[in-house]
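Letter by letter, the chains look like this.
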Amino acid sequence: MLNRHDPEVADLMSRERDRQETTLELIASENHVSPAVMHAMGSWLTNKYAEGYPGARYYGGCEFHDRIEDVARDRAKKLFGARFANVQPHSGAQANTAACMALLQPGDTFCSLVLKDGGHLSHGMKINFSGTFYKPVHYPLHYDASHPEHERIDYDAARRVCLEHKPKLLMCGYSAYPRVIDFARFRAIADECGALLMADIAHIAGLVATGVHPSPFPHAHVVTTTTHKTLRGPRGGLILTNDEELAKKIDKALFPGVQGGPLMHIIAAKAVAFGEALRPDFKAYCEQVVRNAKVLAVSLVEKRYRITSGGTDNHLMLVDLRGKSDALTGADAEKWLEAAGIITNKNGIPDDPRPPRVTSGLRLGTPALTTRGFKEAEMKEVANLIDRVLSAGVQDEAALASATTAVRADVRALCKRFPLG
Ligand SMILES: *Cc1c(COP(=O)(O)O)cnc(C)c1O
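Residues numbered from 1 in each chain as written. Predicted model: local features only at pLDDT ≥ 70, side-chain atom pairs only at ≥ 80, totals over all residues. Heavy atoms only, no water.

Draft legend 1. Broad picture of the overall build of the chain. In terms of regular secondary structure, the chain is built from 16 helices and 15 strands. In terms of overall size, the chain behaves like a compact globule, its C-alpha atoms giving a radius of gyration of 22 Å where 421 residues would be expected to give roughly 22 Å. Oriented by its inertia axes, the alpha-carbon framework of the chain measures out at about 65 × 60 × 40 Å. Looking at the 421 residues of the chain, the share that counts as buried comes to 56%. Summed over its atoms, the accessible surface of the chain is roughly 18,100 Å², and 54% of this surface lies on carbon and sulfur atoms. Computing the positive centroid from 52 side-chain charges and the negative centroid from 49, the chain places the two 2 Å apart. (Helix = DSSP H or I, 4+ residues; strand = E, 2+ residues; numbered from the N terminus. Rg over C-alpha atoms; globule rule 2.2 N^0.38 Å. Buried < 20%, exposed > 50% of the residue type's maximum accessible area, 1.4 Å probe, protein only. Areas by Shrake-Rupley, 256 points an atom, 1.4 Å probe, with all protein chains shown as cover. Lys, Arg positive; Asp, Glu negative; His and termini not counted. Charge placed at Lys NZ, Arg CZ, Asp CG, Glu CD.)

Encoded structure:
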């Protein structure tokens, strides 16, 4: 249909489809949604204005939208064991904006991880709303190679920062942190300094929903997340809480505070994805995601790469490329790998001496490859492919050129064995 109606866009879309089919997707925040999720997204539900919440809309004709949003909310509550859910945030950043608006007054202090060590821009970056309207203070990781907790959260430092600055809100949950988060410990810190605790589980939501990572409940007062990363739903956000008063504040903050009309087609797709995540095969998927990440990390260590914090407990890892060669940067590695059909992103490593556009690290995640059906054996192949490109790259240009051609062909062959369906 689109082909004849708009060949220009149709052609670009089909080329993107082909790119996804024939490349290895290792970006930790990406995934491949099911055809059912996609069907709900690309539907007539997009035609409707449904400002407000079920039973209290500002437009007529919302009968079925009310029911769809109720299904989405009920499934979200069941999935995460929470009493209240808001499924309307257009994205994870919007969810965080609403949570901050609900919990803070302009000028208030909140506390989050040092951003370049794994935090998200909505956790206090200067040019983000969170750094513009509030005062962020930050806690560090351990930066001491001789410390057993090297490159893990320094909870004692977090406690000191909180006792000194008395933030109203303490944030945990990250974009590039490979280890288990101790939510109970954060809650104890929050209680001691009189803060509320917010857990942003954008990356690990699928793992949390299936018990593969401990739940932030009952510790966190508010939980925010995306729905499109390990949770494998449509691009969007979600806010959860067990506190009725906070739930009311959050609903108001999101609409009319931050957003207008909800994306009802996306909310329907969230409902479908939550339904999928409630099924036993999704737990098996999440367990495989973590097993795959561990095998990828170990395989890279065998090839003399350093993995920050010594490994991973979840779906992602940070590779410190300096282990391979002092001259190797994240920017070069990302570019070289992409040319060979391996899609990654450069990422700062803890205490990275290089600027964010260059970096010394690469972030790798297994959610998308695991959706394709990759298991431990394939992860070892993936580590080999990555190493062939990077080893050639640090050698010279001729070596890189021939490795790129050879690996690109091997990547295509590997992808062919695991079609996206
Ligand atoms: C991805 C991410 C977000 C933001 O999600 P968007 O949907 O891109 O706005 C928020 N917080 C964390 C920790 C994330 O990793």
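We are not done yet, so read on.
Draft legend 2. Seen up close, the side chain of T359. Note that T359 resides in the loop between β14 (345-347) and β15 (361-365). T359 gets classed as buried once you look at its relative accessible area, which sits at 2%. Of the polar contacts made by the side chain of T359, one reaches the backbone nitrogen of N347; its length is 3.5 Å. When near neighbours in sequence (up to four residues on either side) are disregarded, T359 contacts T329, G330, A331, K346, N347, G348, D352 and R354. (Polar contact = N/O pair within 3.5 Å; in protein donor to acceptor, adjacent residues only side chain to side chain. Contact = heavy atoms within 4.5 Å.)

Draft legend 3. How the structure looks around the pairing of strand β8 (residues 196-200). For β8, the buried fraction is high: four of the five residues fall into the buried class. Of the pairings in the sheet, the one linking strand β7 (residues 169-172) to β8 comprises four bridges and is parallel in character. In the sheet register, C172 faces β8, and the bridge partner there is A199. With helix α8 (residues 183-193) bridging β7 and the parallel β8, this β-α-β connection has right-handed handedness. Taken together, the three bridges between β8 and strand β9 (residues 222-226) define a ladder with parallel strand orientation. In the strand pairing of β9, D200 is matched with T224. (Pairing = 2+ DSSP bridges. Right-handed = clockwise from strand over helix to strand, strands pointing away.)

Draft legend 4. Geometry of the domain arrangement of the chain. Per the domain assignment, the segments of the chain are domain 1 (9-30 + 287-417) and domain 2 (39-277). A C-alpha centroid distance of 28 Å is found between domain 1 and domain 2. Between domain 1 and domain 2, the contact holds 25 residues from the first and 21 residues from the second. Together, the buried faces of domain 1 and domain 2 total about 1,900 Å²; carbon and sulfur atoms form 54% of this surface. The largest share of the area that domain 1 buries against domain 2 comes from S309, D313 and P350, three residues that together contribute 29% of it. Where domain 1 touches domain 2, the interface holds two salt bridges. The shortest N-O distance in the salt bridge between E151 and R306 comes to 2.7 Å. Residue contributions to the side of domain 1 that touches domain 2 peak at three residues, all from strand β12 (residues 316-320). (Domains from an automatic or database assignment. Buried area = accessible area lost by both parts, 1.4 Å probe. Salt bridge = Lys/Arg side-chain N within 4 Å of Asp/Glu carboxyl O.)

Draft legend 5. Seen up close, the nonpolar core. F80, Y139, L170 and F186 are the most contacted members of the largest nonpolar core, which has 54 residues in total. The next biggest cluster of nonpolar side chains, apart from the first, holds 35 residues, and it includes I307, A340, I386 and L390. (Core = buried A, V, L, I, M, F, W, Y, C linked by side-chain atoms within 4.5 Å.)

Draft legend 6. Quick look at the side chain of D154. With respect to the secondary-structure elements, D154 resides in the loop between β6 (135-139) and α7 (155-165). Look at D154: it is buried, it has no salt bridge, and the nearest opposite charge is R160 at 4.6 Å. Contact partners of D154, with chain neighbours within four places excluded, come to P140, L141 and H142.

Draft legend 7. The arrangement of the sheet that holds β6 in detail. Overall, mixed pairing links the seven strands, which are arranged β4-β10-β9-β8-β7-β5-β6 in an open sheet. Two strands lie at the open edges of the sheet, namely β4 (84-86) and β6, each paired on one side alone. If you compare each strand with its neighbour and ignore which way they point, the axes differ by 20 degrees on average. Relative to strand β10 (residues 237-241), β9 is paired through five bridges, and the arrangement is antiparallel. For V223, the partnering residue across the bridge sits in β10 and is L240. The sheet contacts of helix α5 (residues 92-103) involve β7, β8, β9 and β10, and relative to β9 the element is tilted by about 160 degrees. (Axes fitted to C-alpha atoms, helices over the stretch in contact; angles between N-to-C directions.)

Draft legend 8. Geometry of the site of the ligand. Lining the immediate environment of the ligand, one finds 13 residues, of which G92, A93, S175, D200 and K229 sit closest. A distance of 2.8 Å separates an oxygen atom of the ligand from a polar atom in the backbone of A93. Notes on the ligand: free accessible area 390 Å², of which the protein chains cover 85%. Here the element with the most residues in the shell around the ligand is α5; it accounts for three residues. (Near = heavy atom within 4 Å.)

Draft legend 9. Spatial organisation of helix α13 (residues 330-339). Listing the buried residues of α13 in full gives G330, A333, W336 and L337. Down the axis of α13, the buried set is contained in an arc of 135 degrees. They therefore lie on one face. Remark: G341 follows α13 within two positions and exhibits a positive phi of approximately 90 degrees. (Arc of directions from axis to C-beta.)

Draft legend 10. Broad picture of the packing of aromatic side chains. Taken as a whole, this structure holds nine aromatic pairs when the rule is applied. The interplanar angle of 15 degrees and the centroid separation of 5.1 Å between the aromatic rings of Y49 and Y59 together place this pair among those described as stacked. On the criterion of sequence distance, the pair formed by Y49 in the loop between α3 (35-41) and β2 (52-53) and Y59 in the loop between β3 (56-57) and α4 (63-80) is long-range, its members being 10 residues apart. Aromatic pair F374 and F418: ring centres 4.7 Å apart, planes at 50 degrees, arrangement tilted. In this pair, F374 sits in the loop between α14 (367-372) and α15 (376-395) while F418 sits in the segment after α16 (397-417), placing the two residues 44 residues apart along the sequence. The pair formed by F374 and F418 is uniform in burial state, with each residue classed as buried. Grouped by ring-pair contacts, the aromatic residues F110, F129 and Y134 constitute a single cluster. (Phe/Tyr/Trp six-rings, centres within 6.5 Å; stacked < 30°, edge-to-face > 60°.)

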